[in-house]
Amino acid sequence: MDYNATTPLEPQVIQAVTEALHEAWGNPSSTYTPGVKAKKIITQARENVARMVGGKADDIIFTSGGTEANNLVFHSALEAYRESCRTAEQRGERHRHENSGTSAWPLPHILVSNVEHDSVRLTAEHLLKDATADVTSVAVSKVTGRVEVEDVLAAVRPATCLISIMMANNETGVLMPIRELCQRVSFVNRQRQHRILLHTDAAQAIGKVRVDARDLGVDYLTIVGHKFYAPRVGALYVNGPGTTTPLYPMLFGGGQERNFRPGYRSMFAVLCVAKAIFGRERIHFNSHFPDSETLPNTCNVSILGAGLQGRKVLSSCRRLLASVGAACHSHRGDRPSHILLSCGIPEEVAANALRLSVGRGTSRAEVGLVVEDLKNAVERLEGLN
Ligand SMILES: O=C(O)CC[SeH]
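Residues numbered from 1 in each chain as written. Predicted model: local features only at pLDDT ≥ 70, side-chain atom pairs only at ≥ 80, totals over all residues. Heavy atoms only, no water.

As annotated in an unreviewed UniProt entry, the chain carries the name Selenocysteine lyase and is attributed to Oncorhynchus kisutch. Under the UniProt heading Cofactor (unreviewed entry), the note attached to the chain is "pyridoxal 5'-phosphate". (UniProt positions renumbered as here; feature names shortened; annotations may be inferred.)

Quick look at the structure:
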């Protein structure tokens with residue numbers, strides 16, 4: 001029950017990949033049969049992904065994964081800012097400082113939230129440390145667990161070139177107000193010299209809620225296959241790559257993926273049963289924020305009590321395989337998730353957090369088994385059996 005970390009490959013996906021390895025091993029650029037078959041498969045996959053996110057096939061760039069897609073966005077936004085400065089200087093709008101030769105332009109500025117995936121957070125931190133860009137990390141509201149549009153807009157500067165906010169958080173499942181943000185920034189862009197590019201990492205949202213890049217109004221949208229039963233490949237939706245939206249290549253990769261739409265509304269219903277089993281005062285739902293929407297498959301919950309740290313409870317379970325938070329933070333030991341702390345969850349509650357994320361095949365009976373497993377694990381840890 002850790003589908004936000006990764007998902008098993010759908011049998012049809014394994015079959016499609018196996019057939020391609022047997023029949024379409026050629027280089028897609030080759031004109032003989034295996035190459036032609038390979039090119040046909042990649043073309044179909046690109047059309048499927050485009051349909052999945054409401055774009056056109058030409059808008060889809062395959063990458064090695066979400067991390068490469070996110071880095072490609074940051075690289076392209078910085079290159080676009082520099083190009084914008086060069087163009088302005090050529091038009092005589094601004095001049096380099098004669099004596100120092102440095103550009104008269106400020107460093108490019110990037111806005112992210114303080115709960116982003118590490119491939120966004122650490123990329124931004126590197127650019128800041130490397131003095132390549134200025135970065136503002138906008139804190140999510142401790143009331144909603146969501147980054148608020150007004151807070152993002154308040155942080156915009158003349159040199160802001162990119163706003164990158166994830167569509168849904170991988171630990172809390174909280175959905176961010178991407179569509180409203182894009183609408184507001186589109187008005188801001190009308191009065192600006194440097195266009196603010198808009199990116200959302202939709203890795204956790206695809207396959208769980210509707211994702212329509214054009215309806216959202218983003219310039220870039222990150223897609224990660226292994227979150228919806230596909231292999232570990234990624235893709236980047238770019239609204240008109242190289243024409244409407246800047247895209248400056250770093251590296252290119254290709255892959256295959258399928259569209260799945262899990263959805264398991266009754267996760268909360270069954271865990272409310274858990275609340276009854278444990279007693280209402282023993283369970284804290286860390287993803288329950290008033291007025292915020294969350295992914296339908298994700299539940300971040302803490303079983304309150306001393307000695308019930310998330311890892312300890314999971315290791316005491318006999319069936320449940322889950323996580324206490326993002327897989328890429330598993331090295332953090334028992335330190336509470338910075339994502340939950342950023343959302344205002346008290347430290348002693350965050351320390352006991354369990355992240356449960358169901359998949360399209362998870363049954364109600366399995367969720368019931370998990371509840372029983374958790375109950376028995378807690379009783380063992382409390383010396384009750
Ligand atoms: O949230 C997860 O576990 C996957 C991203 Se590290």
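So that's the structure; there's more coming.
Is there a simple way to think about the pairing of strand β7 (residues 234-238) in this case?
Look at any regular strand and the pattern is simple: side chains alternate between the two faces of the sheet. β7 sits mainly inside the fold: 5 of its 5 residues count as buried. Where strand β1 (residues 60-63) meets β7, 4 bridges bridge the pair, whose relative direction is antiparallel. Residue pairing across strands places threonine 63 opposite glycine 234, the latter belonging to β7. Here strand β6 (residues 220-224) pairs with β7 via 5 bridges, running antiparallel. Looking across to β7, one finds that leucine 221 is bridged to tyrosine 237. (Buried < 20%, exposed > 50% of the residue type's maximum accessible area, 1.4 Å probe, protein only. Helix = DSSP H or I, 4+ residues; strand = E, 2+ residues; numbered from the N terminus. Pairing = 2+ DSSP bridges.)

Looking at this structure, I do not really get the packing of aromatic side chains. What am I missing?
To describe a pair of aromatic rings, one takes the distance between the centres and the angle between the planes. With the rule as written, the count across this model stands at 1 aromatic pair. Taking the centre distance of 6.3 Å and the plane angle of 45° together, the rings of tyrosine 3 and tyrosine 229 count as tilted. Of this pair, tyrosine 3 sits in the segment before α1 (11-23) while tyrosine 229 is found in the loop between β6 and β7, placing the two residues 226 residues apart along the sequence. Residues tyrosine 3 and tyrosine 229 agree in their burial class; the two are buried. Directly above the aromatic system of tyrosine 229 lies the positively charged group of arginine 360, at a separation of 5.9 Å from the ring centroid. (Phe/Tyr/Trp six-rings, centres within 6.5 Å; stacked < 30°, edge-to-face > 60°. Lys NZ or Arg CZ within 6 Å of the ring centre and 35° of its normal.)

Explanation requested: the site of the ligand in the structure shown.
By nearness alone, every residue bordering the ligand is listed as Asn4, Ala5, His117, Asn170, Gln204, Lys227, Ala326, Ala327, Cys328 and Arg355. With respect to the ligand, the side chain of asparagine 170 contributes an N or O atom lying 2.9 Å from an oxygen atom. With respect to the ligand, the side chain of arginine 355 contributes an N or O atom lying 2.6 Å from an oxygen atom. Protein burial of the ligand: of its 240 Å² of free accessible surface, 93% is covered by the chains. Residues that form the shell around the ligand fall into these classes: 4 nonpolar, 4 polar and 2 charged. (Near = heavy atom within 4 Å. Polar contact = N/O pair within 3.5 Å; in protein donor to acceptor, adjacent residues only side chain to side chain. Areas by Shrake-Rupley, 256 points an atom, 1.4 Å probe, with all protein chains shown as cover. Nonpolar A, V, L, I, M, F, W, Y, C, P; charged D, E, K, R; others polar.)

Sorry, what's going on with the environment of proline 34 here?
Tracing the backbone shows proline 34 in helix α2 (residues 33-53). Each residue touching proline 34, except ones within four places of it in the same chain, is listed here: Glu23, Ala24, Trp25 and Gly26. (Contact = heavy atoms within 4.5 Å.)

What should I look at first to understand the sheet that holds strand β2 (residues 109-113) in this one?
In any sheet, the strands associate via hydrogen bonds between backbone groups, in a parallel or an antiparallel arrangement. Taking strand neighbours across the sheet as the criterion, the 7 strands line up as β1-β7-β6-β5-β4-β2-β3 in an open arrangement whose pairing is mixed. The open sheet has two edge strands with one neighbour each: β1 and β3 (134-138). Pairs of neighbouring strands in the sheet enclose a mean axial angle of 20°, with direction left out of account. When β2 meets β3, the two strands line up parallel, connected through 5 bridges. Residue valine 112 lies in a different strand from β3, and its bridge partner there is serine 137. Those strands touched by α2 are β1, β6 and β7, and its axis lies near 115° from that of β1. (Axes fitted to C-alpha atoms, helices over the stretch in contact; angles between N-to-C directions.)

Which parts of the structure should I look at to understand the nonpolar core?
A general feature of soluble globular proteins is that nonpolar side chains tend to end up buried together. With 50 residues, the main nonpolar core has Val53, Ile163, Met176, Ile206, Leu221 and Ile223 as its most contacted residues. Secondary structure elements with two or more residues in this core: α2, β1, α5 (149-154), α6 (178-190), α7 (213-216), β6 and β7. Looking at this core element by element, the count peaks at 5 residues for α2. If we skip the residues at most four places from it in the chain, leucine 221 touches Val53, His199, Thr200, Ala202, Ile206, Val211, Ala213, Leu216, Ala235, Leu236 and Tyr237. (Core = buried A, V, L, I, M, F, W, Y, C linked by side-chain atoms within 4.5 Å.)

So what exactly am I meant to see when it comes to the pairing of strand β4 (residues 160-164) here?
Among the 5 residues that make up β4, 5 are buried, leaving the element largely enclosed by the rest of the structure. Note: β2 against β4, 4 bridges, orientation parallel. Opposite isoleucine 110, over in β4, you have leucine 162 as the bridge partner. Examined bridge by bridge, β4 and strand β5 (residues 197-201) share 3 bridges and lie parallel to one another. Across the sheet, residue leucine 162 finds its bridge partner in β5, namely leucine 197.

Explanation requested: the UniProt feature "domain: Aminotransferase class V" (unreviewed entry) in the chain in the structure shown.
According to UniProt, the feature "domain: Aminotransferase class V" (unreviewed entry) maps to residues 2-80 and 109-255 in the numbering used here. Measuring from the first to the last C-alpha atom of residues 2-80 gives 38 Å, for a span that is 62% helix and 5% strand.

Help me understand the confidence of the model for the chain in this model?
Should pLDDT be low for a region, the predicted coordinates there are not to be read in detail. Summing up the model confidence of the chain, the mean pLDDT is 87 and the portion of residues at 70 or higher is 89%. Low pLDDT (under 50) marks residues 252-274, which in the prediction has 69 contacts with non-local residues, meaning those over four places away or in another chain. Our summary of model confidence lists the complex with pTM equal to 0.81 and ipTM equal to 0.89. (pLDDT = per-residue confidence, 0-100.)

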